[in-house]
Amino acid sequence: MNDETSEASNSTIEGEIVEQEPAGNATSTPNLPAQTLPASIYILPLTEKPFFPAQTLPLIMNEPPWMETVKRIGDAGHHLVGLVMVHGDISDDARPEDFYGTGTLVRMHHPLRSDGKIQFIAEGITRFKVAEWLSGKAPYFARVEYPAETRQATSGEEIKAYALAIINSIKDLLPLNPLYSEELKFFLNRFSPNEPALLADFAASLTTAPKEKLQEVLEALNLRKRMQKVLLLIKKELEVAKLQSHIQEKVEEKMTQQQREFFLREQLKAIQKELGIAKDDRTADLELYQGRIKKLKLPAHAEKKIGEEMSKLSGLEHGSPEYTVTRNYLDWLTNLPWGKFSKDKLDLARARKILDADHDGLDDVKERIIEFLAVGTLKGEVAGSILLLVGPPGVGKTSIGRSVARALGRKFYRFSVGGMRDEAEIKGHRRTYIGAMPGKFIQAIKEVESQNPIIMLDEVDKIGASYQGDPASALLEVLDPEQNAEFLDHYLDVRFDLSKTLFICTANQLDTIPAPMLDRMEVIRLSGYLMEEKLAIAKHHLWPKQIKKAGLKRGQVSITEAAVRRIVEGYAREAGVRQLEMNLGKVIRKSVVKIVRGEAEKLHVTADTLADYINEPPYIPEKPQAGIGVVTGLAWTALGGATLTIEATKVHTLNRGFKLTGKLGEVMKESAEIAYSYISSHLKLYKADAKFFDEAFVHLHVPEGATPKDGPSAGITMATALLSLARNEKIPRPLAMTGELTLTGQVLPVGGIREKVIAAKRVGVHELILPNANQPDFDRLPDYVKAGLSVSFVKHYKDVAKLVFDA
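So, here is what we can say about the structure in this document. (Residues numbered from 1 in each chain as written. Predicted model: local features only at pLDDT ≥ 70, side-chain atom pairs only at ≥ 80, totals over all residues. Heavy atoms only, no water.)

**A few points about the overall build of the chain**
Then step 1. What the chain contains, in helices and strands, is 27 helices and 25 strands.
Then step 2. Relative to its 807 residues, the chain shows a buried fraction of 47%.
Then step 3. The long-range fraction of contacts in the chain, counting pairs at least 24 apart against all pairs at least 6 apart in sequence, stands at 75%.
Then step 4. Surface exposure of the chain reaches about 40,600 Å², of which carbon and sulfur atoms provide 51%. (Helix = DSSP H or I, 4+ residues; strand = E, 2+ residues; numbered from the N terminus. Buried < 20%, exposed > 50% of the residue type's maximum accessible area, 1.4 Å probe, protein only. Contact = heavy atoms within 4.5 Å. Areas by Shrake-Rupley, 256 points an atom, 1.4 Å probe, with all protein chains shown as cover.)

**Focus on the side chain of Ser 403**
Then step 1. Among the secondary structure elements, Ser 403 is positioned in helix α13 (residues 397–408).
Then step 2. Looking at Ser 403, the relative accessible area reads 1%, which means it is buried.

**Focus: the environment of Ser 205**
Then step 1. Here Ser 205 is to be found in helix α5 (residues 196–206).
Then step 2. Looking at Ser 205, the relative accessible area reads 13%, which means it is buried.
Then step 3. For Ser 205 and Lys 49, which are 156 residues apart along the polypeptide, the C-alpha to C-alpha distance reads 8.9 Å.
Then step 4. For Ser 205, the contacting residues outside a window of four places in its chain are Lys 49, Phe 52 and Gln 55.

**Things to note about the packing of helix α18 (residues 531–549) against helix α19 (residues 561–571)**
Then step 1. Between α18 and α19, the least distance of the axes is 10 Å, while the angle of their chain directions is 120 degrees. Comparing their axes, α19 and α18 come out oblique. Viewed along their axes, α18 and α19 form a crossing whose handedness is right-handed. When α18 is examined against α19, the residues Met 531, Lys 534, Leu 535 and Ala 538 are found in contact with a partner set consisting of Glu 561, Val 564, Arg 565, Val 568 and Glu 569.
Then step 2. Class assignment for the residues of the contact of α18 with α19 results in five nonpolar, no polar and four charged. (Axes fitted to C-alpha atoms, helices over the stretch in contact; angles between N-to-C directions. Parallel < 35°, antiparallel > 145°, perpendicular 65-115°, else oblique. Left-handed = near helix turned anticlockwise from the far one by under 90°. Nonpolar A, V, L, I, M, F, W, Y, C, P; charged D, E, K, R; others polar.)

**So, the nonpolar core**
Then step 1. With 53 residues, the main nonpolar core has Ile 567 and Leu 580 as its most contacted residues.
Then step 2. A per-element tally of this core places α18 first, with seven residues.
Then step 3. With residues up to four places along the chain from it excluded, the contact list for Leu 580 reads Lys 534, Ala 538, Leu 542, Val 564, Ile 567, Val 568, Ala 572 and Glu 574.
Then step 4. Leu 316, Met 420, Val 448 and Tyr 491 belong to the second largest nonpolar core, which has 52 residues in total. (Core = buried A, V, L, I, M, F, W, Y, C linked by side-chain atoms within 4.5 Å.)

**Some remarks on the pairing of strand β5 (residues 102–114)**
Then step 1. The element β5 is extensively covered by neighbouring structure, given that 10 of its 13 residues are classed as buried.
Then step 2. Bridge analysis of strand β4 (residues 80–85) against β5 gives four bridges, and the strand direction is antiparallel. Of the residues in β5, the one forming a bridge with Gly 82 is Leu 105.
Then step 3. Inspection of the sheet shows β5 paired to strand β6 (residues 117–133) by 11 bridges, in the antiparallel sense. The residue bridging Leu 105 from the neighbouring strand is Thr 126, located in β6.
Then step 4. Once β5 ends, the chain turns through two residues before running back antiparallel as β6, passing Asp 115 with a positive phi of about 55 degrees. (Pairing = 2+ DSSP bridges.)

**Details of the sheet that holds strand β14 (residues 522–525)**
Consider a sheet: its strands pair through backbone hydrogen bonds, and that pairing is either parallel or antiparallel.
Then step 1. Strand order in the open sheet formed by five strands is β9-β10-β13-β8-β14, with parallel pairing between adjacent strands. Across the chains shown, the open sheet's two edge strands, defined by having one partner strand only, are β9 (412–416) and β14. The mean angle between the axes of side-by-side strands here comes to 20 degrees, regardless of whether they run parallel or antiparallel.
Then step 2. Sheet topology note: the strand β8 (residues 386–390)/strand β13 (residues 502–507) ladder contains five bridges and is parallel. Within the sheet, the bridge partner assigned to Val 390 lies in β13 and is Ala 507.

**Side note on the packing of aromatic side chains**
Then step 1. As enumerated under the stated definition, the model contains 18 aromatic pairs in all.
Then step 2. Through successive ring pairs, a cluster of aromatic residues spans Trp 66, Phe 99, Trp 133 and Tyr 140.
Then step 3. Directly above the ring of Tyr 329 sits Arg 431, whose terminal nitrogen or CZ lies 3.7 Å from the centroid.
Then step 4. Directly above the ring of Trp 332 sits Lys 446, whose terminal nitrogen or CZ lies 4.1 Å from the centroid. (Phe/Tyr/Trp six-rings, centres within 6.5 Å; stacked < 30°, edge-to-face > 60°. Lys NZ or Arg CZ within 6 Å of the ring centre and 35° of its normal.)

**A closer look at the pattern of salt bridges**
Then step 1. Using the criterion set out here, one finds 30 salt bridges in the structure.
Then step 2. The residue Arg 406 makes a salt bridge to Asp 358 at a minimum N-O spacing of 2.9 Å. Placement of Arg 406 in helix α13 and of Asp 358 in helix α11 (residues 348–358) is noted, with a sequence separation of 48 residues between them.
Then step 3. Of the residues examined, Arg 406 reaches a relative accessible area of 46% and is grouped as partly exposed. (Salt bridge = Lys/Arg side-chain N within 4 Å of Asp/Glu carboxyl O.)

**Observations concerning the packing of helix α3 (residues 157–173) against α5**
The packing of two helices is summarised by the inter-axis angle and the distance between the axes.
Then step 1. Put simply, α3 and α5 touch, their axes get as near as 10 Å, and they point 35 degrees apart. The handedness of the crossing between α3 and α5 comes out as left-handed. The residues of α5 that touch α3, namely those facing Ile 159, Ala 163, Ile 166, Ile 167 and Ile 170, are Pro 196, Leu 199, Phe 202, Ala 203 and Leu 206.
Then step 2. Looking at side-chain class alone, the contact of α3 with α5 contains 10 nonpolar, no polar and no charged residues.

**Comments concerning unusual backbone geometry**
Then step 1. Of note in this structure, Asp 115 is not a glycine but carries a positive phi near 55 degrees.
Then step 2. Residue placement: Asp 115 occurs in the loop between β5 and β6.
Then step 3. Even without being a glycine, Lys 663 presents a positive backbone phi close to 55 degrees.
Then step 4. Following the sequence through the fold, Lys 663 ends up in the loop between β19 (657–661) and α21 (666–681).

**Remarks on helix α10 (residues 321–335)**
Then step 1. The end-to-end C-alpha distance of α10, which contains 15 residues, comes to 21 Å, matching closely the 21 Å that a straight helix rising 1.5 Å per residue would cover.
Then step 2. Every buried residue belonging to α10 is among Tyr 323, Thr 326, Tyr 329, Leu 330, Trp 332, Leu 333 and Thr 334, and all of these are buried.
Then step 3. Here the buried face of α10 lies against α8 (281–294), α9 (300–314) and α15 (440–448). (Expected span 1.5 Å × (residues − 1).)

**Looking at the environment of Val 217**
Then step 1. As for its placement among the helices and strands, Val 217 is situated in helix α6 (residues 211–219).
Then step 2. For Val 217, a relative accessible area of 0% gives the class buried.
Then step 3. Sequence separation between Val 217 and Met 227 is 10 residues, and the spatial gap between their C-alpha atoms is 8.3 Å.
Then step 4. Among all residues touching Val 217, those that are not within four sequence positions of it are Phe 52, Arg 127, Ala 204, Arg 226, Lys 229, Val 230 and Leu 233.

**Some points on the environment of Arg 780**
Then step 1. Structurally, the position occupied by Arg 780 is in the loop between α25 (775–779) and α26 (783–786).
Then step 2. Looking at Arg 780, the relative accessible area reads 60%, which means it is exposed.
Then step 3. Considering only alpha carbons, one finds Arg 780 and Arg 754, 26 residues apart in sequence, at a separation of 9.2 Å.

**Let's talk about a negative patch on the surface**
Then step 1. Residues Glu 666, Glu 670, Glu 673 and Asp 710 make up a contiguous surface patch of negative charge.
Then step 2. For Glu 670, the location among the structural elements is in helix α21.
Then step 3. The partly exposed category is assigned to Glu 670, whose relative accessible area is 46%. (Patch = residues over 30% accessible without salt bridge, like charges linked within 9 Å, V, L, I, M, F, W, Y side chains within 5 Å. Lys, Arg positive; Asp, Glu negative; His and termini not counted. Charge placed at Lys NZ, Arg CZ, Asp CG, Glu CD.)

And the structure:
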């Protein structure tokens, strides 16, 4: 504190003396006779903590708001000023109501200004109370009162006891923080420890208590109460200091232990090296890599690269960054399964058994996989193949891939490429980058420890692209059997053979898959499940899985087939079985609650009691609509097949017109216009009023207007709706149709036949009209899908009109 005072008084760096008081001693007695204390003084604000009479400290204030106040203090002969704390954290814009009522009178020494700041040394003298503010803005001037009894007699036993307690607490603080020693020396140079009032103020100034608590000490005029408050604060400060010291000792002890262990380890290494029973880290690393190499069948180019890197490693310092980079690189090279292959289990009967055990339904998909495996059996290996499983969500694409891996006896690795935007995820980062790693394929090969695993790429239709590269283009090298025998990862920089790897990709649709990538894949479609298939899946897979997941015993909860059927019809109409599984899970959870509460030991869920377990079904029974101008069409979506009702009506006969609604895409709008043109020009041929469309304003609508719809397959459906309207005749029986119509009346083939047929059976329509060119697609459907259907194949719209209206 003395050093600070001396430095401030002697500083001349960019300093300007504002006003120098008459020669005097900066450390004179802080208490003046009452008659010499001014009745009115200027006030300066404090924000951090209050100033006590026992203190002498340098203070710094901003020059612009307080320069005038400091000048006026300098003009006064006594150089006295009041320091009062304010309520907020900013003092420059303080108002009289922001100040506390009690402050400390100080003498200002050596005021200096520099860089927009004013610095001076404040010597505490005595407490005061603000009696009246004589100015409402800076410079603040106030009339003050000095308490008559600021220091009480020191002869009382209680006061002495408090003083001794405070002194002992300060003594306990001294070993914990050396700064307290400097503060105490400065205090003892100026005051006697036998003055309890000053001792209390000094002890309070030592603490780091909140400013509100310290202000309470300043305002305490009764010495005993003041000393009580100070003793409490100094005790808290002592506890904090002890805790801080304890924490510091723990940290130092831990650091000392670590240093000791480090030195002992280094000495142990040196002793072992001298005795020849241990090697340094570099030698140990090289021997580790040599041991790994002996177990591998390295190609010549990989062996050469590893040899070069090991030679490089032997000449590097162990602690250098280049050593770490080279060691990590060698770790990757020597941990790859060079020449290690899983032996394929090419047993078709076993493969079919596994597929049947893992999946109900999907017979056509299983046949395709068996055909694929049969070719591998004949060749003696399954290699160089890329399968693409396409279908709606929840139909079992990923689980089919796992089943193929089980059937072949190969290791399986799956990762998703959906949303991938960086080609480095595929081909790795170059080693020049910090944290560089190989791509996903090399990581997969390392993890499965086999050079011919099955790698599944999920969501290949959702792969992205960005400024960081195009991952879809990077995949072309991986998925091309002609190129992946020499796949080059940027990190490895050594060609690796992926030609023995079987790649299985999954997608919900083909539209977003780049054509060059699609051309390399063998497409297998998974269309969705019928009611019977969903019932079998629930019985054999989903229900047992939920029972096990909930920790129930066999037979504790059972469900009838009718209840599962109602769940499928009312809650899970999608092509897959995810909603079915979720709703079965709800039934299980409700059942578990009843069992845990003791309401029942066993539960049997039926169709009648299903409402007690799950909410009302979101789907109502869907029935084909009938009426004049109303026709049921068939549509394909990424979630499976769906029926599509098309409505046509005559609005008025004031003028000719044609209006379309239903959030239709461009292709579907063109199909509607083609249907309108074709029917308008052939009304006489189909025994309708030839002038109907010349006089009528027709409105054609496709319901569920919030759902976007597009595609050409509703052409004949729209034409039939318009013809029904023109003939004023409704379709006599439930039927559904799909097919693209041309202006000459030709009916062209469409896609998604399986999904559309399943959608028709789902709603109870058993008579279908399909394009003649789609007959091979229908014939390839499983018998259980075709069962109970009456299907007519048409080449021209004349055939459609004859079937529907006998026209």
